[in-house]
Amino acid sequence: MSRRHVLDFERPIYELEQKVDELERFGRLNDVDVDEGLERLQEQIDVAKKEVYQNLSPWQRVQLARHIERPYTLDYIERICTDFLELNGDRHFSNDEALVGGFARIGDRRVMIIGQQKGRNPEDRQRRHHGSMLPEGYRKALRLMKLADKARLPIISLIDTQGAFPGIDSEERHIGEAIAVNLREMFTLNVPVIVIVIGEGGSGGALGIGVGNRVLLMENSYYSVITPEGCAAILWKDANAKEQAAEALKLTGHDLLELELIDGIIHEPEGGANQDYDAAATAIKTAILEQLQQFDGKSADELRAERYEKFRRLGTIAE
Amino acid sequence: MAPLFKKPKYSTIKGVTTKKEIPEGLWLKCESCNEVVHKDDLESNLNVCPKCDFHNPITWQERVELLTDSGSFKPQDVDMSSVDPLKFTGTASYKDKIAENQTKSGIRDAVVCGAATLDERPFALGVMEFRFLGASMGSVVGEKVTRLAELATDRRVPLVLVTASGGARMYEGLYSLMQMAKTSGAVGRHHGAGLPYIVIMSHPTTGGVTASFASLGDIIMAEPGALIGFAGPRVIKQTTQATLPEGFQTAEFLKSKGFIDRIVARKNLRQELSLLLGYLS
Ligand SMILES: [Zn+2]
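Here the structure is a predicted model, which is why all the values come from computation and not from measurement.

1. A look at the coordination of the zinc ion
Each donor-metal-donor angle would ideally measure 109.5 degrees in four-coordinate tetrahedral geometry, or 90 or 180 degrees in six-coordinate octahedral geometry.
All names here are of chain B.
And then number 1: For the zinc ion, the protein coordination sphere consists of Cys30 (SG), Cys33 (SG), Cys49 (SG) and Cys52 (SG), at 2.2 to 2.4 Å.
And then number 2: Between the 4 donor atoms coordinating the zinc ion, the angles at the centre fall across 104 to 114 degrees, so the site counts as tetrahedral.
And then number 3: Read from N- to C-terminus, the donor residues coordinating the zinc ion fall into the pattern C-x2-C-x15-C-x2-C.
And then number 4: Residue Cys30 is classed as buried on the basis of its relative accessible area, which comes to 0%.
And then number 5: The exposure class of Cys33 is partly exposed, given its relative accessible area of 23%.

2. Focus on the nonpolar core
And then number 1: Ranked by size, the top nonpolar core spans 140 residues in total, and within it Tyr223(A) and Phe88(B) carry the most contacts.
And then number 2: Here this core gets 8 residues from one element, more than from any other, and that element is helix H5 (residues 173–192) of chain B.
And then number 3: If we ignore the near neighbours within four places in the chain, the residues touching Tyr223(A) are Val197(A), Gly201(A), Ala206(A), Leu207(A), Val215(A), Leu217(A), Leu251(A), Leu256(A), Leu174(B), Leu177(B) and Met178(B).
And then number 4: Counting residues in each nonpolar core, the second largest holds 26 residues, with Val111(A), Ile113(A), Ile194(A) and Phe295(A) among its members.

3. Quick look at a nonpolar patch on the surface
And then number 1: Among the surface-exposed residues, Leu26(B), Trp27(B) and Val36(B) lie close enough to one another that they form a single nonpolar patch of about 240 Å² accessible area.
And then number 2: Mapped onto the elements of the fold, Val36(B) is located in strand S3 (residues 36–38).

4. Observations regarding the pairing of strand S2 (residues 99–106) of chain A
All names here are of chain A.
And then number 1: With 6 of 8 residues buried, S2 is to be regarded as a mostly interior element.
And then number 2: Both S2 and strand S3 (residues 109–116) contribute to a ladder of 8 bridges, which runs antiparallel. Bridging from a neighbouring strand, Val100 pairs with Gly115 of S3.
And then number 3: Counting the residues between successive antiparallel strands, the hairpin from S2 to S3 contains 2 residues, one of them, Gly107, with a positive phi of roughly 60 degrees.

5. A closer look at the pattern of salt bridges
And then number 1: A complete count under the given rule lists 34 salt bridges over all chains for this structure.
And then number 2: For the salt bridge of Arg109(A) with Asp296(A), the shortest nitrogen-to-oxygen distance reads 2.8 Å. Here Arg109(A), found in strand S3, pairs with Asp296(A), found in the loop between helix H13 (277–293) and helix H14 (300–312); they are 187 residues apart in sequence, far enough to count as distant.
And then number 3: Glu185(A) serves as the salt-bridge partner of Lys146(A), at 2.6 Å between the closest nitrogen and oxygen. Within this pair, whereas Lys146(A) is found in helix H6 (residues 135–151), its partner Glu185(A) is found in helix H8 (residues 175–186), the two being separated by 39 residues in sequence.
And then number 4: Residue Glu185(A) is classed as buried on the basis of its relative accessible area of 13%.
And then number 5: One salt-bridge network, in which partners are shared between bridges, spans Arg312(A), Glu319(A), Asp77(B), Glu143(B), Arg147(B), Glu150(B) and Lys182(B).

6. Some remarks on the side chain of Ser136(B)
Residues and elements named next belong to chain B.
And then number 1: One can find Ser136 in the loop between strand S7 (121–128) and helix H4 (139–155).
And then number 2: Of the residues examined, Ser136 reaches a relative accessible area of 6% and is grouped as buried.
And then number 3: Not counting residues up to four positions away in its chain, the partners in contact with Ser136 are Ala110, Val141, Ser165, Gly167, Ala168 and Arg169.

7. Observations concerning the packing of H4(B) against H5(B)
Residues and elements named next belong to chain B.
And then number 1: At a closest axis distance of 9 Å, the pairing of H4 and H5 adopts a crossing angle of 5 degrees. Classed by the angle they form, the pair H4 and H5 counts as roughly parallel. Contacts from Ser139, Gly142, Glu143, Val145, Thr146, Ala149, Ala152 and Thr153 of H4 reach H5 at Tyr175, Gln179, Lys182, Thr183, Ala186, Val187, Arg189 and His190.
And then number 2: Split into classes, the residues belonging to the contact of H4 with H5 amount to 6 nonpolar, 7 polar and 3 charged.

8. Concerning the sheet that holds strand S10 (residues 219–222) of chain B
Residue and element names in this part refer to chain B.
And then number 1: Pairing in this open sheet of 7 strands is mixed, and the strands run S4-S6-S7-S8-S9-S10-S11 from one edge to the other. Whereas interior strands pair on both sides, the edge strands pair on one side only; in this sheet they are strand S4 (74–76) and strand S11 (262–263).
And then number 2: Where S4 and strand S6 (residues 111–118) come together, 3 bridges link them in antiparallel fashion. Counted as the bridge partner of Lys74 is Ala115 from S6.

9. Some remarks on the packing of aromatic side chains
Centre distance and the angle of the planes are the two values used to describe a pair of aromatic rings.
And then number 1: On inspection of all chains with the given rule, the structure shows 6 aromatic pairs over all chains.
And then number 2: Note on Phe187(A) and Tyr308(A): the rings are 5.6 Å apart at their centroids and 65 degrees apart in plane angle, and the pair reads as edge-to-face. Of this pair, Phe187(A) sits in the loop between H8 and strand S5 (193–202) while Tyr308(A) sits in helix H14, placing them 121 residues apart in sequence.
And then number 3: By relative accessible area, Tyr308(A) is classed as buried at 5%.
And then number 4: Here Phe88(B) and Tyr171(B) contribute two aromatic rings whose centre-to-centre distance is 5.3 Å and whose plane-to-plane angle is 80 degrees, an arrangement assigned as edge-to-face. Of the two residues, Phe88(B) is situated in the loop between strand S5 (81–82) and helix H3 (94–105) and Tyr171(B) in the loop between strand S8 (159–165) and H5; the sequence distance between them amounts to 83 residues. This pair shows no difference in class: Phe88(B) is buried, exactly as Tyr171(B) is.
And then number 5: Lys310(A) extends its terminal NZ or CZ atom over the ring of Phe311(A), reaching a point 5.6 Å from the ring centre.

10. A short note on unusual backbone geometry
Note: most residues except glycine have negative phi, and most peptide bonds are trans.
And then number 1: A cis amide bond links His203(B) to the next residue, Pro204(B), at an omega of -15 degrees.
And then number 2: With respect to the helices and strands, the residue Pro204(B) is situated in strand S9 (residues 197–205).
And then number 3: Its identity as a non-glycine residue notwithstanding, Arg152(A) has a phi of 55 degrees, on the positive side.
And then number 4: Located in the positive-phi region is Glu260(A), a residue other than glycine, with phi close to 60 degrees.
And then number 5: For Glu260(A), the location among the structural elements is in the loop between helix H12 (253–258) and strand S8 (264–266).

11. Description of the interface of chain A and chain B
And then number 1: With 46 residues of chain A at the interface, the matching set in chain B holds 65 residues.
And then number 2: Interface of chain A and chain B: buried area, both sides summed, is about 4,900 Å²; carbon and sulfur atoms make up 71% of it.
And then number 3: Put simply, chain A and chain B have 4 salt bridges between them.
And then number 4: For Glu319(A), the salt bridge identified is with Arg147(B), shortest N-O distance 3.0 Å.
And then number 5: Counting across the interface, chain A meets chain B through 14 residue pairs in polar contact (both at pLDDT 80 or more).
And then number 6: Looking at the side of chain A that touches chain B, the elements with two or more residues in it are helix H7 (168–172), H8, helix H9 (203–207), strand S7 (222–224), helix H10 (228–236), H14 and strand S9 (317–318) of chain A.
And then number 7: Among the elements that line the side of chain A that touches chain B, the one with the most residues is H8(A), at 8 residues.

Definitions and cut-offs
Residues numbered from 1 in each chain as written. Chains lettered and ligands numbered in written order. Predicted model: local features only at pLDDT ≥ 70, side-chain atom pairs only at ≥ 80, totals over all residues. Heavy atoms only, no water. Donors = N, O, S within 2.8 Å, 3.2 Å for Na, K, Ca; no water. Tetrahedral: all angles 85-135°; square planar, octahedral: opposite > 155°, others 65-115°. Buried < 20%, exposed > 50% of the residue type's maximum accessible area, 1.4 Å probe, protein only. Core = buried A, V, L, I, M, F, W, Y, C linked by side-chain atoms within 4.5 Å. Helix = DSSP H or I, 4+ residues; strand = E, 2+ residues; numbered from the N terminus. Contact = heavy atoms within 4.5 Å. Patch = residues over 30% accessible without salt bridge, like charges linked within 9 Å, V, L, I, M, F, W, Y side chains within 5 Å. Areas by Shrake-Rupley, 256 points an atom, 1.4 Å probe, with all protein chains shown as cover. Salt bridge = Lys/Arg side-chain N within 4 Å of Asp/Glu carboxyl O. Pairing = 2+ DSSP bridges. Axes fitted to C-alpha atoms, helices over the stretch in contact; angles between N-to-C directions. Parallel < 35°, antiparallel > 145°, perpendicular 65-115°, else oblique. Nonpolar A, V, L, I, M, F, W, Y, C, P; charged D, E, K, R; others polar. Phe/Tyr/Trp six-rings, centres within 6.5 Å; stacked < 30°, edge-to-face > 60°. Lys NZ or Arg CZ within 6 Å of the ring centre and 35° of its normal. Buried area = accessible area lost by both parts, 1.4 Å probe. Polar contact = N/O pair within 3.5 Å; in protein donor to acceptor, adjacent residues only side chain to side chain.

Laid out in structure tokens, this is it:
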């Protein structure tokens, strides 16, 4: 039990866990048998966990997706990849560290893996703009994807961003163009592209590395056209309406799967990926290998056509 | 992209509005220069402020008339309409918003698309209509732009889009976002077929439209003073605490930063487009 950061809705569980600690200490100090009490508490914890984690509201999932202890791209790369060879820079302007990527091996597969990387500590967070990419980040991502295309390696793209970086420099170097070019060019890739939203899937900044043959969501991640707060501020004129906005936007994996906007959900350890990095990593690794297998033997033409058709049909209209 | 425009009182979206204290609605106050302008003077000047040259939005009909041979425009998908895929409920229902905007504008959604000619050269034309929900991009805008690009690809003609947009159609959630990918893919196929694509950016072109098909033109033109960007200036200010440079996110600013080929006054737009189509057809 390594809860360091407890979310508001997790308090009932946390309080019971503290009682367990206290009771254990009491038993140790007084040399009495507390097993029966511990057992009872554990039952209560199991009930409380079920109660909380099986009925997560969309807003609670957003909170889990943003959990400061949630595993990030590099945590997954460390656990699921061997021989990771990081590559850097966009060859034009800079090296945006909000996006990391490089060659890697997952199981017996060689791949190109790219992903948005938030920072773990204040300094790291600042350097990586908390996973919000600059134009050069999108250009770096495209350079690596084109390289994968040349090497005929599948591409794994991990999304975890609140959105592209909103800044003067971002606009001066044409963030809109950088994202648009990625959207256009990702359709031309001759290799399988697997996209996984591991945390936050924030609007165009997420989609800019998100045109895949498969788009999967981790169970407690979200994918949305706008943050709940942003939506609440605009449509409700009240940032406090974020819970209603999160509900209305249908941004959870379950809702998006039902709407056929994504292809699947990767289950997380109880309480979220932050509770058990290794288990979360295993789940992702299994999903990636399963997905890649489905593309074995497919021609470049098929891969491109399938990717195009997948996005071509997205939309709801009446004529 | 997402936190785009807080629509009310958005300070840099300029425009000419009727002020109550000015009688009979014949005199309008330009929000760009604050000068009072007679309605007739504005209308006879293609809705460009005669005092400060600000290019106010014009209707899709005016735009079509400006850029095509008379009677040549054959609109397609005119009845295509938005549905409410998320059953969006908040302070207002999406269904009501759609109905209200359809009545107000006389069109079914925020873009009008079709085949046309200019000086007898055929091309595919799409015009975004800012008056319809701020020309936000939902499924209908995405689908119509995509079909227009497909039409242009099939007929092997140039694609011309006159853009304007306040951003995403939040009411359609992720469907709205996915239109960015869909339109970019379709424009990409047109591009892959070796066909030319011209974008004319009008005021304001922002958000998801900027981060998709609007930024992919072989030629990008803009009307003078148009606000063009991805994130809204307010969001940028809030996030970075920076002082925004003079003229930030205007067409002129972006031309100096290498994004825009030409800034074209509305009165010259027809001639320039014709010239371009001549070079590119
Ligand atoms: Zn004026």
